[in-house]
Amino acid sequence: MDLTCIEKTTAPNPRHALIWLHGLGADGNDFVPIVPELVDPAWPPLRFVFPHAPVRPITINGGMAMRAWYDISGLEIAQRQDETGIRASIVLLDELIAREVERGIPCENIFLAGFSQGGAIVLAGGIRHAQRLRGIVALSTYLPMAEKTDAEASTANRGTPIFMAHGMLDPTISHALGEMSRDYLKQRGYAVDWHAYPMAHQVCMEEIADLRRWLGSRL
């Protein structure tokens, strides 16, 4: 399935890419405004790819159709997970990575980023991806299918740096669930750079500044 994407390139001939997945009910436009806030002019050329998730009915929203990477059936999001939907979106993520490679960007120069649902997909998909990635950015999210990580994780991305950030007042995906995912990954040897902020289910300027530093040290 081909996903429609919004693309922003910071300068001609990029050799690095950042694929950014939005949250439930949003679309690829959601994080486009962050680019000028995030990018340091000293960075090498970078292609941002903001895909639109497929439209699907969401159980918790009364079956209303909206853009989503997988279905959510209840408030306890870490239980009763839509494993079929999650795995299908991991396949879509792999296709987006392959497309960047075909366009001349080596896999080890590709960052994955995502917010909420999108963050769950880049975490689960990134640690399963067969080739080494540059880094994984997981904002206000958790690790889905955590219990299957040991059997399915790729050795290529065992050392890939992970930036995780969460609002301490998040009513949608609890700060505690984010911490549990962080601890689960750290116990398995993943290099998780954790940040928490006094905010709800959102992004703040301090977080963008921290992410700019983290990305800049890896470009």
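In short, a report on the structure.

The rules behind these values
- Per chain, the residues get numbers from 1 upward, laid out in the order the sequence is written.
- Whole-chain, interface and lining totals are the exception, using all residues; otherwise, since this is a predicted model, local features are given only for residues with pLDDT of at least 70 and side-chain atom pairs are given and counted only at 80 or more.
- As a convention, hydrogens and water are excluded, and side-chain values are obtained from all of the structure's heavy atoms.
- Numbering of helices and strands runs from the N terminus; a helix is a DSSP stretch of H or I covering at least four residues, while a strand is a stretch of E covering at least two.
- Whether a residue is buried, partly exposed or exposed follows from its accessible area with a 1.4 Å probe, protein chains only, as a fraction of its type maximum: under 20%, in between, or over 50%, in that order.
- In plain words, nonpolar cores are sets of buried Ala, Val, Leu, Ile, Met, Phe, Trp, Tyr and Cys residues tied together by side-chain atoms within 4.5 Å.
- Residue contacts are defined here by distance: any two heavy atoms, one from each residue, within 4.5 Å place the two residues in contact.
- Helix span, expected: 1.5 Å multiplied by one less than the number of residues in the helix.
- What makes a salt bridge here is a side-chain nitrogen of Lys or Arg within 4 Å of a carboxyl oxygen of Asp or Glu, nothing more.

A few words on the environment of Asp 30. Turning to its location among the elements, Asp 30 is positioned in the loop between β2 (16-21) and α1 (34-38). Residue class for Asp 30 comes out partly exposed when judged on its relative accessible area of 42%.

What follows is about the nonpolar core. Counting 42 residues, the largest nonpolar core has Ile 19 and Leu 185 as the members making the most contacts within it. Contributions of two or more residues to this core are made by β2, α2 (83-102), β6 (110-115), α3 (117-128), β7 (135-139), β8 (162-167), α5 (175-187) and β9 (192-197). Residues in contact with Leu 185, not counting those within four places in the same chain, are Leu 123, Ile 127, Leu 143, Ile 162, Met 164, Tyr 190 and Val 192. By size, the runner-up hydrophobic cluster in this structure holds 26 residues, among which are Leu 38, Phe 111, Leu 139 and Ala 165.

Over its 13 residues, α5 extends 18 Å from the first C-alpha to the last, a length consistent with the 18 Å expected when each residue adds 1.5 Å. Along α5, the residues that are buried comprise His 175, Leu 177, Gly 178, Ser 181, Arg 182, Tyr 184 and Leu 185. Considering only its buried residues, α5 is in contact with α3, α4 (149-152), β8 and β9.

Turning our eyes to something else, we now look at the pattern of salt bridges. Oppositely charged side chains can form a pair if their charged atoms are brought close together. Here the structure, examined in full by the defined rule, presents 11 salt bridges. Where Arg 87 meets Glu 83, a salt bridge forms, and the shortest distance between an N and an O atom there is 2.9 Å. Of this pair, Arg 87 and Glu 83 both sit in helix α2, four residues apart, which is roughly one turn of that helix. With a closest N to O distance of 2.8 Å, Glu 83 and Lys 148 form a salt bridge. In this pair, Glu 83 is assigned in helix α2 and Lys 148 in the loop between β7 and α4, connecting sequence segments 65 residues apart.

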